[in-house]
Amino acid sequence: MIAIRREALDGPDMEAALALRHAVFIVEQDVNEPHERDDHDPVATHLVALDDGRVVGTCRVYPAGEGRVQLGRLVVHASARRRGIASALLEEGERWAREQDATEMLLAAQTDARPLYEQAGYVARGDVFLEVGIEHVMMHKPLV
């Protein structure tokens, strides 16, 4: 049974979330390690998806100014993909954003994941750009 919950900035679940991000971004996708963590991590709210107590998915959300919230670093363990975990994390991120009185959710989607976000109601804004050597596109979703 998958459970989604908000997580503190420390503790075993946070360590597992960061380890999962490392496994997906650095090992799987060959992202340069210094680019994986940034100044948003210490201030973001980190969400985790648990399967029998094991972290199998994570993302982070943080205020992005002017009624907007940025969602990012969404990953799901390879063994848990295609089970709706990414969609559940998106929904929880949007719930958190609404609690912050945000009116819009923003994210930089890897172009391979664009259909996931479009299915959840996100719309591309702007041109495709390279971030850490991977094609991305900015996407947004009104929360009102």
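Now for a quick tour of the structure. Since the structure is predicted, the reported quantities are computational estimates derived from the model, not experimental observations. (Residues numbered from 1 in each chain as written. Predicted model: local features only at pLDDT ≥ 70, side-chain atom pairs only at ≥ 80, totals over all residues. Heavy atoms only, no water.)

### Some points on the packing of aromatic side chains
Consideration 1: Evaluation of the coordinates by the stated rule reveals 1 aromatic pair.
Consideration 2: A centroid spacing of 6.1 Å and a plane angle of 80 degrees characterise the contact between Tyr 117 and Tyr 122, whose relative ring orientation is edge-to-face.
Consideration 3: Assessed through its relative accessible area of 8%, Tyr 117 is described here as buried.
Consideration 4: The exposure class assigned to Tyr 122 is buried, which follows from its relative accessible area of 2%. (Phe/Tyr/Trp six-rings, centres within 6.5 Å; stacked < 30°, edge-to-face > 60°. Buried < 20%, exposed > 50% of the residue type's maximum accessible area, 1.4 Å probe, protein only.)

### Overview of the layout of surface pockets
Consideration 1: In this structure, the largest pocket spans a volume of roughly 1,100 Å³.
Consideration 2: Lining the largest pocket are 39 residues, and of these Gln 29, Leu 74, Gln 110, Ala 113 and Tyr 117 lie nearest its centre.
Consideration 3: Mapped onto the lining of the largest pocket, the elements with two or more residues apiece are helix H1 (12–28), strand S3 (54–65), strand S4 (68–76), helix H2 (85–99), strand S5 (104–110), helix H3 (114–119) and strand S7 (134–142).
Consideration 4: Looking at the lining of the largest pocket element by element, the count peaks at 7 residues for S4.
Consideration 5: Looking at the lining of the largest pocket residue by residue, the class counts come to 19 nonpolar, 10 polar and 10 charged. (1 Å grid on protein atoms, 1.4 Å probe; cavity = no way out; pocket = protein on both sides within 12 Å on 5 of 7 lines; lining within 4 Å. Points joined across faces, edges and corners; volume = space filled by probe spheres on them. Helix = DSSP H or I, 4+ residues; strand = E, 2+ residues; numbered from the N terminus. Nonpolar A, V, L, I, M, F, W, Y, C, P; charged D, E, K, R; others polar.)

### Remarks on the environment of Phe 25
Consideration 1: Residue position: Phe 25 is located in helix H1.
Consideration 2: Distance in space between the C-alpha atoms of Phe 25 and Lys 141 is 24 Å, their sequence separation being 116 residues.
Consideration 3: What Phe 25 contacts, discounting residues up to four positions off in sequence, is Asp 30, Val 31, Glu 36, Arg 73, Leu 74, Val 75 and Gln 110. (Contact = heavy atoms within 4.5 Å.)

### Regarding the pattern of salt bridges
A pair can form between side chains of opposite charge whenever their charged atoms are brought close.
Consideration 1: In this structure the tally under the stated criterion is 12 salt bridges.
Consideration 2: In this structure, Glu 28 and Arg 81 form a salt bridge, with 2.9 Å as the shortest nitrogen-oxygen distance. Of this pair, Glu 28 sits in helix H1 while Arg 81 sits in the loop between S4 and H2, and the two are 53 residues apart along the sequence.
Consideration 3: Residue classification places Glu 28 among the partly exposed positions, given a relative accessible area of 45%.
Consideration 4: Look at Arg 81 and you get partly exposed, because its relative accessible area is 34%.
Consideration 5: Linking Arg 73 and Glu 36 is a salt bridge whose minimum nitrogen-to-oxygen distance equals 3.5 Å. (Salt bridge = Lys/Arg side-chain N within 4 Å of Asp/Glu carboxyl O.)

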